[in-house]
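# Remarks on the overall topology
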Amino acid sequence: MTDQRPPFFTVLCLLGFSALLAACTSPGTRVVLLPQDDGQPSAVVVHAKGGERVLSQPYQRAIALTHATGAPRLDEVDPAKLRADNASLFDLRPPKPGRYIVHFDIGGTALTPESQQAMDAALADALARSGGDIVITGHTDTVGPGPGNDELSHLRAQEVQQMFIGRGFPALRIEAAGRGERELLIPTPDETEEPRNRRVVIEVR
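In this report, we go over the structure that sits alongside the text. (Residues numbered from 1 in each chain as written. Predicted model: local features only at pLDDT ≥ 70, side-chain atom pairs only at ≥ 80, totals over all residues. Heavy atoms only, no water.)

### A closer look at the overall build of the protein
This is how the line gets drawn: Under the DSSP-based scheme used, a helix requires at least four consecutive residues in state H or I and a strand at least two consecutive residues in state E, with every element numbered from the N terminus. Here's how the labels work: a residue is buried when its accessible area is under 20% of the maximum for its type, exposed when over 50%, partly exposed in between, all with a 1.4 Å probe on protein chains only. Whether two residues are in contact is decided by their heavy atoms, any of which lying within 4.5 Å being enough. Shrake-Rupley sampling with a 1.4 Å probe provides the accessible areas, and residues are treated as covered by the protein chains on show and by no other component.
Secondary structure summary: the protein contains four helices and ten strands in total. Along the protein, from the amino end to the carboxyl end, the secondary structure elements read β-β-β-β-β-β-α-α-β-α-β-α-β-β. By the burial criterion, 38% of the 205 residues in the protein qualify as buried. In the protein, once contacts between residues fewer than 6 apart in sequence are set aside, the share between residues at least 24 apart is 62%. In the structure as shown, the protein presents an accessible area of about 11,500 Å², 54% of it carried by carbon and sulfur atoms.

See the structure below:
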């Protein structure tokens, strides 16, 4: 078994004599670490009766046979063969999160005209996903005091949230938060107008 899992489908765990493991001669557990979609590193610890192993590289595999002693055995799998042998599992993989950015006029919560297209695309993406949800994060540039920018970024996120609700997306499946000027897209000195930093990031999952 495992005591830690990265996001969904980073780990592919195959158990026993299933059709996917027809060539195996002993039942047990096989855990394969898959690469993250965004390229970020990940790891998982696989425990067995005789010890544990850490998978930290994509396509590493830990094999813990039922009656074996000692820690799980490590090897690597061929990515193409893995996908071919487990096509039905890979077909269950959810679509990658969609990421959209909308921008605001300076000092307020009014979207720039070109951002309306991004809103339309984000809504269409969210509605196309069964049970999909939306995470909205507001940001500002460095003009104005920090506490005021925190409030403004939250207001911008809430404004976008209300736009989605007004277009029929369920309110309970939307999260909205503000980050002020903490996560600048374009690093600037204080009190610098930068339109690209006055943004709301919409993540559709």
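More follows now that the structure is in view.
### Observations concerning the pattern of salt bridges
Here is the rule we go by: One speaks of a salt bridge when a side-chain nitrogen belonging to Lys or Arg is within 4 Å of a carboxyl oxygen belonging to Asp or Glu.
One pass over the structure, following the stated rule, counts ten salt bridges. Between Asp-75 and Arg-73 there is a salt bridge, with the nearest N and O atoms lying 3.8 Å from each other. Judged by its relative accessible area of 47%, Arg-73 falls in the partly exposed class. Here Arg-129 and Asp-125 are joined by a salt bridge, their closest N and O atoms 2.8 Å apart. Given a relative accessible area of 12%, Arg-129 falls into the buried group. On the basis of relative accessibility, which here comes to 16%, the residue Asp-125 falls in the buried class. Look at the salt bridges and you will find they share partners, linking Arg-61, Arg-73 and Asp-75 into a network.

### Brief notes about the environment of Leu-155
Position of Leu-155 among the secondary structure elements: in helix H4 (residues 146-166). Separated by 47 residues in sequence, Leu-155 and Gly-108 have C-alpha atoms that sit 8.9 Å apart.

### Re the environment of Gln-116
Its place among the elements puts Gln-116 in helix H3 (residues 115-128). As a C-alpha pair, Gln-116 and His-103 span 13 residues in sequence and 9.4 Å in three-dimensional space. Apart from the residues within four sequence positions on either side, Gln-116 is in contact with Leu-111 and Arg-167.

### Side note on unusual backbone geometry
Backbone geometry places Tyr-59, a non-glycine residue, at a positive phi of 70°. In this structure, Tyr-59 sits in the loop between strand E4 (51-55) and strand E5 (60-65). Taking the relative accessible area as the measure of exposure, Tyr-59 reaches 14% and is therefore buried. Phi angles above zero are rare outside glycine, and Glu-191 is one such case at about 60°. Mapped onto the secondary structure, Glu-191 falls in the loop between strand E9 (174-178) and strand E10 (199-204).

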